[in-house]
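The primary structure of each chain is shown beneath.
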Amino acid sequence: MRDCVAELVRLVREARHCVALTGAGISTLSGIPDFRGPQGLYHRNDIDAEKLFDLRYFMHDPSYYYRHGKDFLYNLDDKTPNLIHAVLADLEQRGLLQAVITQNIDLLHHKAGSRRVLELHGSPLHHRCLTCGRESSFEDIARTVRNGETPRCESCGGIIKPDIVFFGEALPADVLQEAEEEAARADLMLVLGSSLTVYPAAALPQVTVRCGGKVAVVNASPTYLDDAAVWRGNDLLTVFTALQTLSSE
């Protein structure tokens, strides 16, 4: 029954505390590339993905991030939530989903109407100067970046960094703690569109399992948790077309 979508629908319906952990794979249907998929950032010849979100490299040359983020992050106004985002928001509204824990920085869960979103890797909604702390809005920075410029602080000329977590930075402690608490409470965690290779986010499903909960995985590629999952699928669109029926019950 592991490959029967009806079984996953039953698990979600009967769960007392269901949470979702989402990765970049859920946003590919919205036109946002993932990281490790066949068309992901790690397979592009024009971008060194290791440099793109590396804190030390950013401090050395912030223009690299902004130049390549122009068509990846600073065009989010053009991106809309897809079926997965919409169904997750509906499940929350109907009390069938308690929280979304996301590794994504694309803001699409918020756009879809999800209210309890724990953003493990931060949010680009705010940017701040690393020298004087002056804050800038996403809209102001995006306008500058789309004009082909690297933003600098208007007050002191310092480097402006988005409030997202780069390699070399710790996750927001309060958000991570809340996510761990949700994982511990969950009797069902849905792992969606994540290869579970980036820690500490990848360890959250293990918290659920250790605390006696179940984990269901829907991801195109294998994950380390597949053998421990009570349900495994690889086609998010098919799965969420079925889960959509819960929203109409």
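What counts, and where the lines are drawn
Residues numbered from 1 in each chain as written. Predicted model: local features only at pLDDT ≥ 70, side-chain atom pairs only at ≥ 80, totals over all residues. Heavy atoms only, no water. Core = buried A, V, L, I, M, F, W, Y, C linked by side-chain atoms within 4.5 Å. Buried < 20%, exposed > 50% of the residue type's maximum accessible area, 1.4 Å probe, protein only. Helix = DSSP H or I, 4+ residues; strand = E, 2+ residues; numbered from the N terminus. Phe/Tyr/Trp six-rings, centres within 6.5 Å; stacked < 30°, edge-to-face > 60°. Polar contact = N/O pair within 3.5 Å; in protein donor to acceptor, adjacent residues only side chain to side chain. Contact = heavy atoms within 4.5 Å.

**So, the nonpolar core**
Phase 1 of the analysis: Grouped together as the largest cluster of nonpolar side chains are 28 residues, with contacts concentrated most on L8, L188, L190, L192, W231, F240 and L243.
Phase 2 of the analysis: Residue assignment for this core shows that the elements contributing at least two residues are α1 (5-14), β1 (18-22), α5 (83-93), β7 (188-192), β8 (214-218) and α10 (236-247).

**Quick word on the packing of aromatic side chains**
Phase 1 of the analysis: Using the criterion set out here, one finds 11 aromatic pairs in the structure.
Phase 2 of the analysis: Consider the rings of F53 and F166, whose centres lie 5.8 Å apart with planes at 75°: the pair is edge-to-face. Of this pair, F53 sits in the loop between α2 (49-52) and α3 (55-60) while F166 sits in the loop between β6 (160-164) and α8 (173-185), and the two are 113 residues apart along the sequence.
Phase 3 of the analysis: For F53, a relative accessible area of 6% puts it in the buried group.
Phase 4 of the analysis: Ring centres of F58 and Y66 lie 6.1 Å apart, and the angle between their planes is 55°; on these two criteria the pair is classed as tilted.

**A look at the side chain of H109**
Phase 1 of the analysis: Tracing the sequence through the fold places H109 in helix α6 (residues 108-112).
Phase 2 of the analysis: With a relative accessible area of 3%, H109 lands in the buried category.
Phase 3 of the analysis: Looking at H109, its side chain comes within polar contact range of the side chain of T22, at 3.0 Å.
Phase 4 of the analysis: The residues touching H109, leaving out its near neighbours within four places in the chain, are T22, I26, H85, L88, V100, T102, S114 and V117.

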